[in-house]
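Single-letter residue listing:
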Amino acid sequence: SSNRIAVDVTLSRASESWAGLLGYVQNHVLAAYDRVAPAQVFVCGLSSMVIEVALALEKHGVDRASLFSESYN
């Protein structure tokens, strides 16, 4: 397999000119993962978001050993 990386920027609050993803990361993470699976996932952000993303991915069948995170309050 080839090396690859995918970055999806998601804004919960954006101006009308924003053409990217809107809403919370939790609402987009499974579709993003399915585009690149199998893959390692790196999540950084507020603790509550990081926890919700990790739980969603684990319920989706992603191995916990493939999830990496850094969180803050």
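Residues numbered from 1 in each chain as written. Predicted model: local features only at pLDDT ≥ 70, side-chain atom pairs only at ≥ 80, totals over all residues. Heavy atoms only, no water.

(A) Broad picture of the packing of helix α1 (residues 29-36) against helix α2 (residues 47-59). With their axes 10 Å apart at the nearest point, α1 and α2 run at an angle of 55° to one another. The orientation of α1 relative to α2 falls into the category oblique. Note on packing geometry: the crossing formed by α1 with α2 is right-handed. Only V53, A56 and L57 of α2 make contact with α1, whose side of the interface consists of V29, L30 and Y33. Grouping the constituent residues of the contact of α1 with α2 by class yields six nonpolar, no polar and no charged. (Axes fitted to C-alpha atoms, helices over the stretch in contact; angles between N-to-C directions. Helix = DSSP H or I, 4+ residues; strand = E, 2+ residues; numbered from the N terminus. Parallel < 35°, antiparallel > 145°, perpendicular 65-115°, else oblique. Left-handed = near helix turned anticlockwise from the far one by under 90°. Contact = heavy atoms within 4.5 Å. Nonpolar A, V, L, I, M, F, W, Y, C, P; charged D, E, K, R; others polar.)

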